[in-house]
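Close look at the chain arrangement
Below, each chain spelled out in residue letters.
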Amino acid sequence: MLAFLGVGISGAGWLMAVGPRFTRSAPRPANDANRAEQYIRIVPGTVIGMVVAMLVLVSLLMVATPRGTSPDVLPILAFLAAFPLPIGTGMLYSRHLHQHRDRLYAAWLRRR
């Protein structure tokens, strides 16, 4: 049921974003440089904090719950421990795009 719900919600998101994704109009550079600079500055600490917090939470669940290390619970805990990694990777990639936005935008304009 949750998988169908997730597919439905992501499909609706894609349908709502079809226009902006496949438009021929030129992108506009970000005007809010202060927020972009703040994002660049805080993302590494946020990613590290998110990963550490989830590992601490999983460790506490393993120790504090009666079946914390049973074979049927370990895959769920492994998923919870690994869950922040792709999110953090995406945030770090977004940070890279923010850091190099001027160069990337200029390169895009040259190719166009």
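The paragraphs below set out a description of the structure included in this document. Since this is a predicted model, take the numbers as computed values, not measurements. (Residues numbered from 1 in each chain as written. Predicted model: local features only at pLDDT ≥ 70, side-chain atom pairs only at ≥ 80, totals over all residues. Heavy atoms only, no water.)

**A word on the overall build of the chain**
Here is the rule we go by: Comment: elements are numbered from the N terminus, with helices defined as DSSP H or I runs of at least four residues and strands as E runs of at least two. C-alpha atoms define the radius of gyration in this analysis, and the globule rule sets the expected value at 2.2 Å times the number of residues to the power 0.38. Classification of residues uses two cut-offs on accessible area relative to the type maximum, computed with a 1.4 Å probe and protein chains only: under 20% is buried, over 50% is exposed, and between them is partly exposed.
Across its full length, the chain holds six helices and zero strands. Helices and strands in the chain line up, N terminus first, as α-α-α-α-α-α. Scaling as 2.2 N^0.38, a compact globule of 112 residues should have a C-alpha radius of gyration of about 13 Å, whereas the chain reaches 20 Å, well beyond that. Across its three principal axes, the chain shows a C-alpha extent of roughly 60 × 35 × 20 Å. Buried residues in the chain amount to 14% of all 112 residues.

**Quick notes on helix H3 (residues 33-64)**
This is how it is decided: Expected helix span is computed as 1.5 Å times (number of residues minus one). Think of it this way: the bend at a residue is just the angle between two axes, each fitted to seven residues, one set ending at that residue and the other starting at it.
An ideal rise of 1.5 Å per residue puts 46 Å on 32 residues; H3 measures up with 45 Å between its terminal C-alpha atoms. Within H3, the axis deviates most sharply at Ile42, by approximately 40°, and proline Pro44 lies no more than four positions further along. Buried within H3 are the following residues: Ala36, Ile40, Val43, Val47, Val51, Met54 and Val58.

**Let's talk about the packing of aromatic side chains**
Going by this rule: Put simply, two rings from Phe, Tyr or Trp (the six-membered ring, in Trp's case) pair if the centres are within 6.5 Å, and we call them stacked under 30 degrees between planes, edge-to-face over 60, tilted for the rest.
Counted by the stated rule, this structure contains two aromatic pairs. An angle of 50° between the planes, with centres 5.8 Å apart, marks the rings of Phe79 and Phe83 as tilted. Given the relative accessible area of 40%, Phe83 is considered partly exposed. Relative to Trp108, the ring of Tyr105 lies with its centre 6.3 Å away and its plane at 15°, an arrangement referred to as stacked. In this pair, Tyr105 and Trp108 are both assigned in helix H6 (residues 101-111), three residues apart and thus about one turn of the helix distant. Take Trp108: its relative accessible area is 26%, and that puts it in the partly exposed class.

Coordinates in, geometry out; function isn't part of it.
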